[in-house]
Amino acid sequence: MQRLSRKLKAENKSIGFVPTMGFLHEGHISLVKKSKQKSNVTVVSIFVNPAQFAPNEDFKKYPRDLRHDKNLLKTIGTDYLFIPEVSEVYQTNYQTFVEVDEISRILEGEFRPFHFKGVATILSILFNCVLPDYTFFGQKDAQQVAVIRQMIKDLKFTTEIIACPIVREKDGLAMSSRNIYLSINERSDALVLFKALKLAEKLVMEGERLADIIISKMINEINSIDSSKIDYVRIVDVDKFSQVDSLISGSRYYFLIACKIGNTRLIDNVIIKVS
Ligand code: AMP
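Residues numbered from 1 in each chain as written. Predicted model: local features only at pLDDT ≥ 70, side-chain atom pairs only at ≥ 80, totals over all residues. Heavy atoms only, no water.

Focus: the site of the ligand
Okay, step 1: Around the ligand there are 16 residues in total, and His-28, Gly-138, Asp-141, Val-167 and Met-175 lie nearest to it.
Okay, step 2: Separating a nitrogen atom of the ligand from a backbone N or O atom of Val-167 is a distance of 2.8 Å.
Okay, step 3: When isolated, the ligand has an accessible area of 490 Å², and the protein chains bury 92% of it.
Okay, step 4: Contributing elements (two or more residues each) for the shell around the ligand: strand S1 (15–20), helix H2 (26–38) and strand S4 (134–138).
Okay, step 5: When residues of the shell around the ligand are assigned to their parent elements, the largest contribution, three residues, is made by H2.
Okay, step 6: The residue makeup of the shell around the ligand, split by class, is nine nonpolar, six polar and one charged. (Near = heavy atom within 4 Å. Polar contact = N/O pair within 3.5 Å; in protein donor to acceptor, adjacent residues only side chain to side chain. Areas by Shrake-Rupley, 256 points an atom, 1.4 Å probe, with all protein chains shown as cover. Helix = DSSP H or I, 4+ residues; strand = E, 2+ residues; numbered from the N terminus. Nonpolar A, V, L, I, M, F, W, Y, C, P; charged D, E, K, R; others polar.)

Next up, the structure:
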């Protein structure tokens, strides 16, 4: 991969990179399309990264369908698909991990303490293999984007991060490879995340500025669904990712939800600009 990337660079071609864990859906494809618009060559990686799953999480049963992924990528015209083996990425006696400090410990980090260490490590490795000029991420994993931006700045990686909007199903459910775990009833219960985000939007539009009030109403909405179990509902500043007590006119905030529906953990968010 490195040899290929160096060759492309020698030909003055810009490389756009879309890192994924496969089982691709329209959300992933939107990133590939963005990359194709902005770069001369697009590389997609598929790697289910064991280092970002805790022992009790779903690494083993994470959905995989390489044939479907290859067909989809071929249809939209992806230049290169990079599918390294776990044993190639983490060779015997692998020793090196990348930790982005404060921002990895909050929110997702409170519930998945080693998750971002795994994410930062694999992306460092992939950046060194693919040598991308641009890397495309979904805003669905908003904190991941913030963590990787920080890592790129601190470690002086040269790739530019481009965050792309969340792609949703027609009824509002954010697309996710994990949606396949949901039963029919859970699939309809899962809509409560989107409903709670919409409720937040409405409250802000009606003039509510106190974070606690908005959050408690969102929590009530989610708790009205029996199969739900909230990890967190938070409002953070878009730039610093720090929690806020009240919303200030002209500022932008992430409204973030992490919630289990049955046994499936889902995350979703929306950016709201306060007028
Ligand atoms: P994953 O395969 O889940 O690791 O996701 C790979 C990339 O696709 C990440 O940058 C995700 O944020 C992005 N992604 C996943 N779901 C969506 C979605 N519904 N809309 C936009 N991007 C997404």
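Next, the rest of the story.
Details of the domain arrangement of the protein
Okay, step 1: Structurally, the protein comprises domain 1 (2–164) and domain 2 (177–273).
Okay, step 2: Between the C-alpha centres of domain 1 and domain 2 there is a distance of 26 Å.
Okay, step 3: On the domain 2 side, the residues contacting the 22 residues of domain 1 number 16 residues.
Okay, step 4: Interface area, domain 1 with domain 2, both sides summed: about 1700 Å², of which 55% is carbon and sulfur.
Okay, step 5: Our count for the contact surface shared by domain 1 and domain 2 stands at three salt bridges.
Okay, step 6: Notably, a salt bridge pairs Arg-265 with Glu-108, separated by 2.9 Å at the nearest N-O pair.
Okay, step 7: Along the contact surface separating domain 1 from domain 2 lie 11 residue pairs in polar contact (both at pLDDT 80 or more).
Okay, step 8: Tallied by class, the residues present in the side of domain 1 that touches domain 2 amount to 10 nonpolar, five polar and seven charged. (Domains from an automatic or database assignment. Contact = heavy atoms within 4.5 Å. Buried area = accessible area lost by both parts, 1.4 Å probe. Salt bridge = Lys/Arg side-chain N within 4 Å of Asp/Glu carboxyl O.)

With respect to the packing of helix H7 (residues 115–130) against helix H8 (residues 142–155)
Okay, step 1: Where H7 contacts H8, the two axes come as close as 10 Å, and the packing angle between them is 55°. Regarding the angle of H7 to H8, the classification is oblique. The chirality of how H7 crosses H8 is right-handed. Two secondary-structure elements touch here, H7 through Phe-116, Val-119, Ala-120, Leu-123, Ser-124 and Phe-127 and H8 through Gln-143, Gln-144, Val-147, Ile-148, Met-151 and Ile-152.
Okay, step 2: Grouping the amino acids of the contact of H7 with H8 by side-chain chemistry returns nine nonpolar, three polar and no charged. (Axes fitted to C-alpha atoms, helices over the stretch in contact; angles between N-to-C directions. Parallel < 35°, antiparallel > 145°, perpendicular 65-115°, else oblique. Left-handed = near helix turned anticlockwise from the far one by under 90°.)

Quick look at the pairing of strand S7 (residues 252–261)
If a strand is regular, its side chains alternate between the two faces of the sheet.
Okay, step 1: The buried count for S7 comes to eight of 10 residues, which makes it a mostly enclosed element.
Okay, step 2: Pairing of strand S6 (residues 228–237) with S7 involves nine bridges; the strand directions are antiparallel. Note that in S7 the partner of Ser-228 across the bridge is Ile-261.
Okay, step 3: Linkage of S7 to strand S8 (residues 264–273), two consecutive antiparallel strands, is achieved through a turn of two residues, within which Gly-262 is found at a positive phi near 60°. (Buried < 20%, exposed > 50% of the residue type's maximum accessible area, 1.4 Å probe, protein only. Pairing = 2+ DSSP bridges.)

A word on the side chain of Ser-5
Okay, step 1: On the secondary structure map, Ser-5 appears in helix H1 (residues 2–10).
Okay, step 2: A residue is classified by how much of its surface remains accessible, and Ser-5, at 0% relative accessible area, is buried.

Details of the sheet that holds S8
Okay, step 1: What the three strands build is an open sheet, ordered S6-S7-S8; its pairing is antiparallel. Because the sheet does not close on itself, it has two edges, and the strands there are S6 and S8. The mean angle between the axes of side-by-side strands here comes to 15°, regardless of whether they run parallel or antiparallel.
Okay, step 2: Inspection of the sheet shows S7 paired to S8 by 10 bridges, in the antiparallel sense. Within S8, the residue paired with Tyr-254 across the bridge is Ile-271.
Okay, step 3: Contacting S7 and S8, helix H10 (residues 191–205) runs over the sheet at an angle of about 20° to S8.

Section: the packing of aromatic side chains
Okay, step 1: Throughout the structure, instances matching the rule amount to nine aromatic pairs.
Okay, step 2: Centre to centre, the rings of Tyr-90 and Tyr-94 are 5.0 Å apart; their planes meet at 90°, and the pair counts as edge-to-face.
Okay, step 3: The class for Tyr-90 is buried, based on a relative accessible area of 15%.
Okay, step 4: Geometrically, the ring pair formed by Phe-127 and Phe-157 is edge-to-face, given 5.5 Å between the ring centres and 65° between the ring planes. Residue Phe-127 is found in helix H7, and its partner Phe-157 is found in the loop between H8 and strand S5 (160–164); the two are separated by 30 residues along the sequence. Summarising the burial analysis for this pair, Phe-127 and Phe-157 share the class buried.
Okay, step 5: Through successive ring pairs, a cluster of aromatic residues spans Phe-47, Tyr-90, Tyr-94 and Phe-97.
Okay, step 6: The ring of Tyr-181 is capped by Lys-61, whose NZ or CZ atom sits 4.3 Å from the centre of that ring.
Okay, step 7: The ring of Phe-97 carries the charged tip of Lys-117 above its face, separated from the ring centre by 5.1 Å. (Phe/Tyr/Trp six-rings, centres within 6.5 Å; stacked < 30°, edge-to-face > 60°. Lys NZ or Arg CZ within 6 Å of the ring centre and 35° of its normal.)

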